[in-house]
Amino acid sequence: MKRQFKRPVLLLFLLFSIQIWAQERDISGTVVDEDQIPLPGVNVRVKNSNIGTVTDFDGKFSLSIPNAEGAILVFSSIGFTTQEVQVEDQSAFNITMTVDTESLNEVVVTSFGIEREKKALGYSVQEVTSEEVLEGNQQNVVSGLQGKVSGVTIGNSGGAPGSSSVILIRGGTSITGDNQPLFVVDGIPIDNSTGSSLTVASINRAADLNPEDIENISVLKGPAAAALYGIQAAEGAVIITTKKGKAGSSTVSYSGTFSVDEVLGTPDVQQNYGQGTQILSTDGFSYETQSPFSWGPEVSGAQTYDHISDFYQTAVTQNHNVSYSGGSEKGTMYLSIGDLSQDGVIDGTSYDKTSFKINTSSQVNDKLTVGASANYIVSEIGSTRQGNASGSSYSSLLSYPVNIDIQDYYNDDGSQRMFYNDQTFDNPYWSLENSPNENKVNRLLGIVNVSYDFLNNFNISYKLGTDYFREFSKQVIGTGSLIENRSEGYISQFERENRRTTSNLIISYNKDITEDFAVDALVGNMVEDLKVHTVYTYGDGFQAPGIYSIGNVSQENQSITEIIRRRRAVGVFGEVKFGWKDALFLNFTGRNDWSSTLPQEDRSFFYPSIGSSAVLTDLLSQGGNDITSDNGLTYLKLRATWAKVGKDAPIGALESFLGTNINSLASSAYTYNGVDIGNPELEPEFTNSYEFGFDSRFFENRLGLDMSFYYSKSENQILEDIRVPPSAGTFYATLNGGSIENKGIEALLTAKLFPRESDFQWDMTYNLGVNQSDVIELPGQLDEVYLSDSWTFGNTAAGAAILGGSLFGLRGYQAVRNDAGEFIIGADGLPELETVIYDDVNRLPDWTLGITNTLSYKNFNFTFLLDIVQGQEAYNATKSALAYYGLAEETLGRSTGGTRVVEGVTANGNPNTVEVTDQQYFQQYYSQNAENFIEDASYARLRYVTFSYDLPSDFLDKFNVVSAQLSVTGRNLFTITDYSGVDPEVNTYGAGIQGAGSMGIDNLGTPNTRGFDVGLRFKF
């Protein structure tokens, strides 16, 4: 009886099991990212059920699901947009996850390469992706940030190949020191110095980096953001993270561009008057034809030339990059080779760069990770002299009148042709052939790192990095030069060895103390050692013509100078962050530094910071008061921070400079030269900074507004080369004193006009920066501080920090007037000039606005950047030089008979009656009066336009290519400005001048360029 009962039950159980089994089905698939790299750890689940799994190391998954109608698979992973896919009758799935750019839990890279949730930061950080860096096809990483970060001002120094770019974050905090931020690559500070640009265009060292190797850039704004980096980061920090290998399938990528460039334009030059000098004597008015000036008689139909326009050519650039990425769960590797070959718009100038990079990481076990990276760069620049330098190409062009054929510059015997007696400058075409200027750098950036997890919540990490480069620079004046005392040639060269070694040790602790309360803490030690060894060599007169080597100069005509600069800084630092309910955060940092450049008693100095942030929408929601809605506010965070950061003295500022044989009467012993006096009483300078702001999102994150308001005060400035009274026993001194205030507003507005599901996308980004940098205090009786390196043509003006005015002000000559506003005329019949400070001139913009638009439809993409810069003044020294030589269009209104009487009064109040020539008026007064050349340099520029097309995947599959893209880019296509010069974006001397710098100084430099690029990139 029992057996009869068991058999029907067993039969029913089997039938039921078969029915259940028949209602389930097996599915499988692969999940990859946008680069087709497999994604491990992606959650795969059936919607509205507990059925799910995760992808394995190869991004694969398999799952048994109910055979229910309308089943939906949900794919989710941190940092990627969640996707829902209808199962229907499919059994195999290939899913591509896209990066979630709208995530409210955005992670950014901060100090020492540490990743933090952006919502937990009490200061402003803005991240720029690798795609954004590459947009516009800029070869200099710094230029690639232009218009993309609010509160950041970038100035290019012209169109010469390899010219530098200046970057300022929230103005400047130093009157004579470096105002550029610290650059950090993969957690290790690197050198971004620039050699002096007074003679030739010099590059900033950050440009050595290959933009194709960059994964992302985080710009830490101001002292608060960079407090842990200490004395190097008072101006903020640019944190660069380079690409690393990705686990999974291996990929090889190629990108290449072909570019053509030409100068934006050249100044208008009068073509009516030719060679000559005007002479006024007792015998009357006449011309002297033996002259480098264009103050002669009318050319009367003779052939004329536009020397400046004819000097520039169309330049061609090629840029090729190949990279490999791959690895396994045990280790990854990234390799790349990049080669840039750029011809200049001036014949014979060029910039060539080749870079090699390797980045490896190995997971030894669950707790220990080791890694290493190396980046080797070789760069070479061929340049021409610029600005006020002897032999400057631009000034030589101006010295050839319009009726002289400048390209006829050789005599029959091969010597340089003179076009007038006693010519003392070289033909610029002859200089390009016979007076080369070259610069070569071999650079190695190397990092080794170890990370070990212990005691569950602790981690210890160590990084050792080196930034080592050797630089060789040679500038030659060839044999046969017409420059005074240089007919036998001249050579000036230096070889520099620069080594910066950095050691970072960090112990961190992360713990969720309770369900609501979390603590993140770290302590660390940083040691940096800098050694710069430079040997300068000079030689006068080559023994054998055409061999431009110091070995071809007799020993008695050689001189050598050797300089060794050393600096060591040691810092200890700590940070503690408290988090409550993942919505309220409080952060404390502290750092103490010891610097070898300060006196022993002031060598140690401490500075702290405190910051907080509160995600109000999360706090209110957790308290039962949700203020968010799909059609309104999505997210709101408030933040505030106070920080103090110090800065040490320049190397060697404590001691006086000694030399031998100062004059013919000096002994052979070392003696004080009476100029560079040291100051053993120097103290560190400090910057106090306050910042508060908010981050808000609306309409399901489709509209975002992030704003910051900041104030900083930099006190007890370390001022270099300050003129002091003769009673001090020296001309210049380095001393403490002076204060700078910076205040401003930053705003980042983002808008996504169409839902993500739409085939058509239109994203807009607005980066607004408003800044004011004022000098509120200077030591003693000083009312200005200027750097003589920024002197313009004719020494008529120089960049200066003005007491009660801008840090980026101007000093120069100005006409003397009486109370009635009339010119005071001197005995020579010309208005008298006096040196004044222009306290109303500001060479830094009042505000900047970068507007980026990205439109895409299926495989088509269109991007452009409109850069608006308003409220800045520029000094047009190039126009002053044109007037001096008689080439400016302003000189066309010449007087009948060539003479004029300048309206004004003499010192005793009588009307002026003294005649002067037009040439005297323009050369001795008009071109010297700085107020004639101060102009509004506001502008709006279409920085770049890029159109790209992604080739269809079904077409690429035939060739086993993962992705491919064709692109066309136009750069600097148009500019709207009232500036009378060629380009309102001027900074002739580039980043080589610190402090008040040469922003807004237009002084006989190579004009910026416009160009077009054709690009191809693919991956397989």
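The structure presented is a predicted model; accordingly, all values stated were derived computationally and were not measured.

Focus on the overall build of the chain
Right, so step 1: Along its length, the chain carries 10 helices and 55 strands.
Right, so step 2: Referenced to the eigenvectors of the C-alpha coordinate spread, the extents of the chain come out at roughly 150 × 65 × 65 Å.
Right, so step 3: For the chain, the proportion of its 1020 residues judged to be buried stands at 53%.
Right, so step 4: Here the contacts in the chain between residues at least 6 apart in sequence split such that 69% fall between residues at least 24 apart.
Right, so step 5: When the accessible surface of the chain is split by element, carbon and sulfur atoms take 53% of a total near 44,400 Å².
Right, so step 6: For the chain, the separation between the mean place of its 68 positive charges and that of its 124 negative charges on side chains is 12 Å.

Details of the nonpolar core
Right, so step 1: Formed by 51 residues in total, the largest nonpolar core has its most connected members in Ile308, Tyr312, Leu398, Tyr875 and Tyr921.
Right, so step 2: Going through the elements one at a time, helix H4 (307-311), helix H5 (393-398), helix H6 (428-434), strand E43 (809-815), strand E44 (833-838), helix H8 (877-885) and helix H9 (918-924) are the ones with two or more residues in this core.
Right, so step 3: Looking at this core, the element that brings in the most residues is H8, giving 5 residues.
Right, so step 4: Contacts of Ile308, omitting those with residues within four sequence positions, involve Thr266, Pro267, Val269, Tyr394, Leu397, Leu398 and Leu882.

What to know about the pattern of salt bridges
Right, so step 1: This structure, assessed with the given rule, holds 42 salt bridges.
Right, so step 2: Residues Asp186 and Lys244 are paired through a salt bridge, measuring 3.9 Å at the closest nitrogen-oxygen approach. Here Asp186, found in the loop between strand E13 (182-185) and strand E14 (188-190), pairs with Lys244, found in the loop between strand E16 (237-242) and strand E17 (248-263); they are 58 residues apart in sequence, far enough to count as distant.
Right, so step 3: For Asp186, a relative accessible area of 11% corresponds to the buried category.
Right, so step 4: We note a salt bridge from Glu212 to Arg1017, for which the minimum N-O separation is 2.9 Å. Here the residue Glu212 occupies a position in the loop between E14 and strand E15 (214-220), and Arg1017 occupies one in strand E55 (residues 1009-1019), the gap between them amounting to 805 residues.
Right, so step 5: By relative accessible area, Arg1017 is classed as partly exposed at 32%.
Right, so step 6: One network of salt bridges, with partners in common, ties together Arg170, Lys221, Arg639, Glu691, Asp706 and Glu746.

Considerations on H8
Right, so step 1: Burial analysis of H8 places 8 of its 9 residues in the buried class, the great majority of the element.
Right, so step 2: Taken together, the buried positions of H8 are Ala877, Thr878, Lys879, Ser880, Ala881, Leu882, Ala883 and Tyr885.
Right, so step 3: Taken together, the buried residues of H8 touch H4, H5, strand E47 (873-876), H9, strand E50 (934-936) and strand E54 (1001-1002).
Right, so step 4: Two residues or fewer after H8 comes Gly886, characterised by a positive phi angle close to 85 degrees.

A look at the pairing of E55
Right, so step 1: Looking at chain direction, E17 and E55 are connected through 11 bridges and run antiparallel. Its bridge partner lying in E55, Thr257 is registered against Gly1015.
Right, so step 2: In the sheet, strand E52 (residues 963-971) pairs with E55 via 9 bridges, with the strands oriented antiparallel. Each bridged residue has a counterpart across the sheet, and for Gln965 the counterpart in E55 is Arg1017.

Remarks on the sheet that holds strand E6 (residues 83-86)
Strand pairs in the sheet, formed through backbone hydrogen bonds, run parallel or antiparallel to each other.
Right, so step 1: With antiparallel pairing, the 4 strands of this open sheet are ordered in space as E3-E2-E5-E6. One side of each edge strand has no neighbouring strand; the edge strands of this open sheet are strand E3 (52-54) and E6. Ignoring which end each strand starts from, the neighbouring axes of this sheet average 20 degrees apart.
Right, so step 2: Here strand E2 (residues 43-46) pairs with strand E5 (residues 72-76) via 4 bridges, running antiparallel. From the neighbouring strand, Val46 faces E5, where its bridge partner is Leu73.

Remarks on the packing of aromatic side chains
Right, so step 1: Within the structure shown, the criterion is met by 43 aromatic pairs.
Right, so step 2: Put simply, the rings of Trp295, Phe823, Tyr875, Tyr921, Phe922, Tyr925, Tyr926 and Phe933 pair up and form one aromatic cluster.
Right, so step 3: We note Arg894 situated over the ring of Tyr273; from NZ or CZ to the ring centre the distance is 4.0 Å.
Right, so step 4: In this arrangement the basic side chain of Arg941 is found over the ring face of Tyr939, its NZ or CZ atom lying 5.5 Å from the centre.

Things to note about empty space enclosed by the protein
Picture a little ball the size of a water molecule; that probe, rolled over the atoms, points out where space is still empty.
Right, so step 1: Scanning the model with the defined rule gives 15 cavities of 30 Å³ or more in all.
Right, so step 2: Counted as a void, the largest cavity has a volume near 530 Å³.
Right, so step 3: For the lining of the largest cavity, the secondary-structure elements that each account for two or more residues are E17, strand E20 (315-328) and strand E21 (331-343).
Right, so step 4: Counted by class, the lining of the largest cavity contains 7 nonpolar, 21 polar and 5 charged residues.

Some thoughts on the environment of Ser361
Right, so step 1: Topologically, Ser361 is positioned in strand E22 (residues 350-363).
Right, so step 2: Of the residues examined, Ser361 reaches a relative accessible area of 32% and is grouped as partly exposed.
Right, so step 3: Separated by 194 residues in sequence, Ser361 and Gln555 place their C-alpha atoms 53 Å apart.

Concerning the environment of Lys353
Right, so step 1: Note that Lys353 resides in strand E22.
Right, so step 2: Sequence-wise, Lys353 and Val378 are 25 residues apart; in three dimensions their C-alpha atoms are separated by 5.7 Å.
Right, so step 3: With sequence-adjacent residues up to four places away left out, Lys353 is seen in contact with Gln139, Ala207, Asp208, Leu209, Asn210, Gly338, Asp339, Leu340, Ile377, Val378 and Ser379.
Right, so step 4: Polar contacts involving the side chain of Lys353 include one to the main-chain carbonyl oxygen of Ala207, which spans 2.9 Å.

A look at the sheet that holds E50
Right, so step 1: Strand order across the open sheet formed by 3 strands is E50-E47-E54, with mixed pairing between neighbours. The sheet terminates laterally at E50 and E54, the two strands that pair on one side only.
Right, so step 2: In the packing of H8 onto the sheet, the strands contacted are E47, E50 and E54, and the crossing angle to E47 comes to about 25 degrees.

Digging into unusual backbone geometry
Right, so step 1: Positive phi, close to 50 degrees, is recorded for Glu88, a residue that is not glycine.
Right, so step 2: Position of Glu88 relative to the elements: it lies in the loop between E6 and strand E7 (92-96).
Right, so step 3: For Asp186, which is not glycine, the phi dihedral falls at a positive 50 degrees.

Describing the side chain of Asn439
Right, so step 1: Within the secondary structure, Asn439 sits in strand E24 (residues 437-454).
Right, so step 2: In this structure Asn439 comes out as buried when scored by relative accessible area, which is 14%.
Right, so step 3: A polar contact is formed between the side chain of Asn439 and the side chain of Glu471, at a distance of 2.8 Å.
Right, so step 4: With residues up to four places along the chain from it excluded, the contact list for Asn439 reads Ser379, Glu380, Ile381, Glu471, Phe472 and Ser473.

Considerations on the side chain of Lys119
Right, so step 1: Its place among the elements puts Lys119 in the loop between strand E9 (115-117) and strand E10 (125-129).
Right, so step 2: Lys119 sits in the buried class, given a relative accessible area of 4%.
Right, so step 3: A distance of 2.9 Å separates a polar atom in the side chain of Lys119 from a polar atom in the side chain of Asp582.

As for the confidence of the model for the chain
Right, so step 1: Of the residues in the chain, 94% reach a pLDDT of 70 or more, and the chain-wide mean stands at 90.
Right, so step 2: Low confidence marks residues 1-22, where pLDDT is under 50. Its contacts with residues over four positions away, or in another chain, come to 1 contact.

Topic: a negative patch on the surface
Right, so step 1: A contiguous patch of negative charge on the surface is contributed by Glu34, Glu131, Glu132 and Glu215.
Right, so step 2: Classification of Glu131 by relative accessible area gives exposed; the value is 53%.

Comments concerning the environment of Gly1011
Right, so step 1: Locating Gly1011 in the fold gives a position in strand E55.
Right, so step 2: Judged by its relative accessible area of 1%, Gly1011 falls in the buried class.
Right, so step 3: On a C-alpha basis, the gap between Gly1011 and Leu973 in space is 7.8 Å, while along the polypeptide they are 38 residues apart.
Right, so step 4: Filtering out sequence-adjacent residues up to four positions away, Gly1011 remains in contact with Val260, Asp261, Thr969, Gly970 and Arg971.

What counts, and where the lines are drawn
Residues numbered from 1 in each chain as written. Predicted model: local features only at pLDDT ≥ 70, side-chain atom pairs only at ≥ 80, totals over all residues. Heavy atoms only, no water. Helix = DSSP H or I, 4+ residues; strand = E, 2+ residues; numbered from the N terminus. Buried < 20%, exposed > 50% of the residue type's maximum accessible area, 1.4 Å probe, protein only. Contact = heavy atoms within 4.5 Å. Areas by Shrake-Rupley, 256 points an atom, 1.4 Å probe, with all protein chains shown as cover. Lys, Arg positive; Asp, Glu negative; His and termini not counted. Charge placed at Lys NZ, Arg CZ, Asp CG, Glu CD. Core = buried A, V, L, I, M, F, W, Y, C linked by side-chain atoms within 4.5 Å. Salt bridge = Lys/Arg side-chain N within 4 Å of Asp/Glu carboxyl O. Pairing = 2+ DSSP bridges. Axes fitted to C-alpha atoms, helices over the stretch in contact; angles between N-to-C directions. Phe/Tyr/Trp six-rings, centres within 6.5 Å; stacked < 30°, edge-to-face > 60°. Lys NZ or Arg CZ within 6 Å of the ring centre and 35° of its normal. 1 Å grid on protein atoms, 1.4 Å probe; cavity = no way out; pocket = protein on both sides within 12 Å on 5 of 7 lines; lining within 4 Å. Points joined across faces, edges and corners; volume = space filled by probe spheres on them. Nonpolar A, V, L, I, M, F, W, Y, C, P; charged D, E, K, R; others polar. Polar contact = N/O pair within 3.5 Å; in protein donor to acceptor, adjacent residues only side chain to side chain. pLDDT = per-residue confidence, 0-100. Patch = residues over 30% accessible without salt bridge, like charges linked within 9 Å, V, L, I, M, F, W, Y side chains within 5 Å.

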